Each structure stands twice: as structure tokens, then as C-alpha cells.
Amino acid sequence: AAASTLVIQYRAIVLDVIENQGKVKLNNNAAWSWNGGSLSASAPDVTIVEPDLKIDKSAAPTNKVAAGTPIQFTLTIAHTAQSTADAFDIVVTDIMPAGLEYIPCTITYSGLAPTTPPSIPPPYCPAAATNLTFVWDSFPLGQTATITFNARLDGTQPSVTNTALLAWTSLPIDPAGGIPV
């Protein structure tokens, strides 16, 4: 029997589970056994990198606003200091509560513009929307995006709270096959 070499090469994806947080080190090892012996080897440690985004929201004015008065909302999306990688498939949804009406054609952007704004082409004029959704295919580390729009109280509610939601993934996913690209 002549000596021979067997090379097994594979790729692995770090699972998106609570244990796998940014800066955690992971290691993979393999063991090969046969009748009469065994071998084992370990790969170098891999450090997990992952994005961490935040959204800040402000409104002006905020107190004692008369029905019909425009209120300017500003959403600022950015990586946190803990973020160590680009983010993918970012979705920002601003939910208009009962009593608040989006004023069409008031959306403006600065910084990284969404890949998919609420309506295309500019001037980004979705009709009377109850939710505004903004999508980025990728959000590179260090980038910031600011979205500004106006809404007004319709007078049907004594007060309103406007909420925005932010979601993202750590890997670019092919929606057809669910496979990172």
C-alpha cells in the first residue's frame, strides 16, 4: 500500500443563533478513524463579525400640535460602535398610527439612499400611505442614512406615537434559494 493524501475541503456558515455573537471565536476540528488508528486536526480560530445597526427617530414639533400642522420626522440609520461588518437586506418600516397622515411627496434622503424607496422614481411620492417601507440590499460598515418626511395630525386622536422598525441580516441571501451569494 503506497502512502497517499486525501484532501477534504468544505465551507461552513456560522449559524445565526444567540451563542454566535460578534467577536466570539469559533473553532472547527475533525477526527478521522479507521481500523487500527485515528487522526485529528483543528483549524485556526475564526472570529465572528456581524453588523449591529441602530435607528434614531425625532420629530419637530412634538408638543401641543394643532390638527393639520405638518410634523417633520427624521429617521437616522447607522452602524453602532459594536458593528464589525456590512449589513444586508435592511428593512426600515415607519408605521403611521391612527390619527397621523403621511403627507405625499415629502420624503428626502441624505447619506446612503435606499435601494428600494417607498415609491419609484423620484420624487418618491407614495399616496396616502399608512406604512412607509425603505429597503437597502446592503448597508456598508460606517455608512449612515437619513430619511426625512412630513405627516400631520388628522384630529381623530388626542395623541399619537409614531414608531419605526429596523431589521437586517448578517449575510447576503439569495431569495430564490436561500443561499448566501
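Right, let's walk through the structure included here. (Residues numbered from 1 in each chain as written. Predicted model: local features only at pLDDT ≥ 70, side-chain atom pairs only at ≥ 80, totals over all residues. Heavy atoms only, no water.)

Right, let's get into the overall build of the chain. Per the secondary structure count, the chain includes 0 helices and 14 strands. Put simply, the chain runs from its N terminus to its C terminus through helices and strands in the order β-β-β-β-β-β-β-β-β-β-β-β-β-β. Counting over 181 residues, the chain shows a buried share of 27%. Considering only intrachain contacts with a sequence separation of at least 6, the fraction spanning at least 24 residues in the chain is 69%. Summed over all atoms, the accessible surface of the chain reaches about 11,600 Å², with 56% contributed by carbon and sulfur. (Helix = DSSP H or I, 4+ residues; strand = E, 2+ residues; numbered from the N terminus. Buried < 20%, exposed > 50% of the residue type's maximum accessible area, 1.4 Å probe, protein only. Contact = heavy atoms within 4.5 Å. Areas by Shrake-Rupley, 256 points an atom, 1.4 Å probe, with all protein chains shown as cover.)

On to the nonpolar core, then. With 23 residues, the main nonpolar core has Trp136, Phe139, Ile147 and Phe149 as its most contacted residues. Sorting the residues of this core by element identifies strand 6 (70–79), strand 7 (87–95), strand 8 (100–102), strand 10 (131–139) and strand 11 (144–153) as the ones contributing at least two each. No other element matches strand 11, which puts 5 residues into this core. Residues contacting Phe149, with those up to four places away along its chain left out, are Ile71, Gln72, Phe73, Leu75, Asp94, Met96, Tyr102, Thr106, Ile107, Leu132 and Asn162. (Core = buried A, V, L, I, M, F, W, Y, C linked by side-chain atoms within 4.5 Å.)

For strand 6, the tally of buried residues reaches 7 of 10 residues, placing the bulk of the element in the interior. Relative to strand 11, strand 6 runs antiparallel, the two sharing 9 bridges. What sits directly across from Gln72, in strand 11, is Asn150. (Pairing = 2+ DSSP bridges.)

A separate point is the sheet that holds strand 12 (residues 163–169). Overall, antiparallel pairing links the 3 strands, which are arranged 10-7-12 in an open sheet. A strand with exactly one partner marks an edge of an open sheet, and here the two such strands are strand 10 and strand 12. Strand-to-strand twist of the sheet, defined as the mean angle between neighbouring strand axes without regard to direction, takes the value 15°. As defined by bridge partners, strand 7 adjoins strand 12 across 6 bridges and the pair is classed as antiparallel. Bridge pairing in strand 12 places Ile95 opposite Thr163. (Axes fitted to C-alpha atoms, helices over the stretch in contact; angles between N-to-C directions.)

Looking at the secondary structure, you find Asn20 in the segment before strand 1 (25–26). Its relative accessible area of 14% is what places Asn20 among the buried residues. In this view, Asn20 contacts Val14, Leu15, Leu26, Ile48 and Glu50; residues no more than four positions away in its chain are not counted.

Here we come to unusual backbone geometry. At the junction of Ala60 and Pro61, the peptide bond is cis and its omega measures out at -5° in the coordinates. One non-glycine residue, Lys23, lies in the positive phi region at around 75°. Structurally, the position occupied by Lys23 is in the segment before strand 1. A relative accessible area of 58% places Lys23 in the exposed class. One non-glycine residue, Cys105, lies in the positive phi region at around 70°. With respect to the helices and strands, the residue Cys105 is situated in the loop between strand 8 and strand 9 (108–111). Given a relative accessible area of 44%, Cys105 falls into the partly exposed group.

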